[in-house]
Amino acid sequence: MSSPVLGIMTLYLNEHRALEERSIYRRMILEGRKRGLDIYVFTPADVHSGGRQIEAMVYDEKNGWSREWRAFPDLIFDRCRIQRNHRFQQLLAFREKYGHLLFLNRPLRNKWTIHQTLSEQSAFRQHLPETILFQDMSDVNRMLKVSPLIYLKPINGTGGRGILRIERSSKEPSTVLVQGRDQKRRIITPRKVHLSRLGPLLQHWNMKDKYLVQKGIQLQLPNGRVHDYRMLVQKNGEGEWELTGCAGRMGAEKSVTSNLHGGGQAIAMQRLMKQWIPEEELREEVTATAAKFGIDVASFLEDTYGDLCELALDLAIDKSGQIYLLEVNPKPAREVFARIGERSIYYKAITQPLEYALWVYRNRPAQTVKKPPSPRPVTSKATRLKRGRRVK
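None of the values given here were measured: they were computed from a predicted structure.

### Focus: the overall build of the protein
For step 1, the next point in the chain: Scanning the protein from terminus to terminus reveals eleven helices and 16 strands.
For step 2, the next point in the chain: Rg of the C-alpha trace for the protein: 23 Å, near the compact-globule value of 21 Å for 392 residues, within the 12% margin.
For step 3, the next point in the chain: Along the three orthogonal principal directions, the C-alpha set of the protein runs to about 75 × 45 × 40 Å.
For step 4, the next point in the chain: The long-range fraction of contacts in the protein, counting pairs at least 24 apart against all pairs at least 6 apart in sequence, stands at 64%.
For step 5, the next point in the chain: As displayed, the protein has an accessible area near 18900 Å², and 49% of this comes from carbon and sulfur atoms.
For step 6, the next point in the chain: Each charge class in the protein was averaged separately, 65 positive and 42 negative side chains, and the resulting centres sit 8 Å apart.

Here is the structure:
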């Protein structure tokens, strides 16, 4: 009996076929092999023009990475993150053409749509910072009147790109401090400006219908750095949501975000929270509430938007222990757990999707939608040269 095949679908980062998270995929392939799960990696660009085979990236410990033509997988684990280029358009076309195949996870909507959807549920509403969709500067000015601190966030941004923090001066109410990161994650030079000059300063950010205006939560530690928490919830080998782990993140100096890719530091959740909330009983209550909240959000979003297998929730916790949901990430990284030395959680974060994939395969409907038929292997001269070659 042949092994079930899982295809991890991702996107190249550039025209040289560079891949993000290749070390994670390597480990998933090896762990899958131990479980009787055959895994390869591919991108929409690797699908043969005939639409029936994939020039897959495969790995073995003897030869490393190589490529070979493979039939379509039994299951697809979509790890594609948003890009603003033709590769993302290829992804959209792939999802449209092959949406009938068996996916472990479906795309979520943008941050604004998710915020609106969660806001409709009273159980979630108290955990959502006040947020509006930017239309013009009146939205920014109105939010600054009710909150001395606001954030401007791209509705499709990732990794802290393009986020601005605007704080009204307590001594000079008509003056604000603008900080943030540009679209390449670079920290911009902080600027103090008069409210009347804020509009012209923000003009080049092209924000209409593309940005959120969100009430800020004071999260600066005594050392002046911001912090938050990254929670990972995943489906297990029985198809149920469970908490995999939660870690603290402290931003780099002068950074308005805590993202690790932006120079942030990973810290064990309880160690970081102890600096923020001295009362042990309150910390225990917050930890339990956060775990239930994460699973409830994942279950609700899956019911609303379709199959999911894992989600990361970025959480803020104020001094009183109130939990706020800052962002939902459907394609989470896992290295935060490795960085704090929680190896067992890191291992679980890697293997849970594999256990879930096996559960999905075993419990798939008897009449599953057929995969594209596999024709005879492509054997052009160019292809023969490619077959089995090492991947750089």
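Now that the structure has been shown, we can carry on.
### Things to note about unusual backbone geometry
For step 1, the next point in the chain: Positive phi outside glycine occurs at E21, with the angle close to 65°.
For step 2, the next point in the chain: Residue class for E21 comes out buried when judged on its relative accessible area of 16%.
For step 3, the next point in the chain: Notably, K254 is not glycine yet its phi reads approximately 70°, a positive angle.

### Here's the deal with the packing of aromatic side chains
For step 1, the next point in the chain: Scanning the entire structure with this criterion turns up nine aromatic pairs.
For step 2, the next point in the chain: Aromatic pair Y40 and F42: ring centres 6.0 Å apart, planes at 65°, arrangement edge-to-face.
For step 3, the next point in the chain: For Y40, a relative accessible area of 0% translates into the label buried.
For step 4, the next point in the chain: With a centroid separation of 6.5 Å and 0° between ring planes, the pair formed by F72 and F94 is classed as stacked. Remark: F94 occurs in helix α2 (residues 86-97) and F72 occurs in the loop between β4 (64-71) and β5 (75-78); sequence separation between them is 22 residues.
For step 5, the next point in the chain: A relative accessible area of 4% means that F94 is categorised as buried.
For step 6, the next point in the chain: By way of ring pairs, the aromatic residues Y40, F42, F72, F94 and Y98 are connected into one cluster.
For step 7, the next point in the chain: A cation over an aromatic ring shows up here: R22 above the ring of W65, its NZ or CZ 5.6 Å from the ring centre.

### Topic: the UniProt feature "domain: ATP-grasp" (unreviewed entry) in the protein
For step 1, the next point in the chain: As annotated by UniProt and renumbered to match this structure, "domain: ATP-grasp" (unreviewed entry) occupies residues 118-358.
For step 2, the next point in the chain: The span residues 118-358 is 33% helical and 28% strand by assignment, and the distance between its end C-alpha atoms comes to 30 Å.

### A closer look at helix α8 (residues 280-305)
Note on helix geometry: an α-helix contains 3.6 residues per turn, so any two residues three or four positions apart are oriented the same way.
For step 1, the next point in the chain: Between its first and last C-alpha atoms α8 spans 37 Å; for 26 residues at 1.5 Å apiece the expected length is 38 Å, and the two agree.
For step 2, the next point in the chain: Along α8, the residues that are buried comprise R283, V286, A290, A291, F293, G294, V297, A298, F300, L301, E302 and Y305.
For step 3, the next point in the chain: Backbone geometry just downstream of α8 places G306 in the positive-phi region, at approximately 115°.

### As for the confidence of the model for the protein
For step 1, the next point in the chain: Residues of the protein with pLDDT of at least 70 account for 93%, and the chain-wide mean is 91.
For step 2, the next point in the chain: Counted against residues more than four places away or in other chains, residues 379-388, with its pLDDT under 50, gives twelve contacts.

What counts and how
Residues numbered from 1 in each chain as written. Predicted model: local features only at pLDDT ≥ 70, side-chain atom pairs only at ≥ 80, totals over all residues. Heavy atoms only, no water. Helix = DSSP H or I, 4+ residues; strand = E, 2+ residues; numbered from the N terminus. Rg over C-alpha atoms; globule rule 2.2 N^0.38 Å. Contact = heavy atoms within 4.5 Å. Areas by Shrake-Rupley, 256 points an atom, 1.4 Å probe, with all protein chains shown as cover. Lys, Arg positive; Asp, Glu negative; His and termini not counted. Charge placed at Lys NZ, Arg CZ, Asp CG, Glu CD. Buried < 20%, exposed > 50% of the residue type's maximum accessible area, 1.4 Å probe, protein only. Phe/Tyr/Trp six-rings, centres within 6.5 Å; stacked < 30°, edge-to-face > 60°. Lys NZ or Arg CZ within 6 Å of the ring centre and 35° of its normal. UniProt positions renumbered as here; feature names shortened; annotations may be inferred. Expected span 1.5 Å × (residues − 1). pLDDT = per-residue confidence, 0-100.

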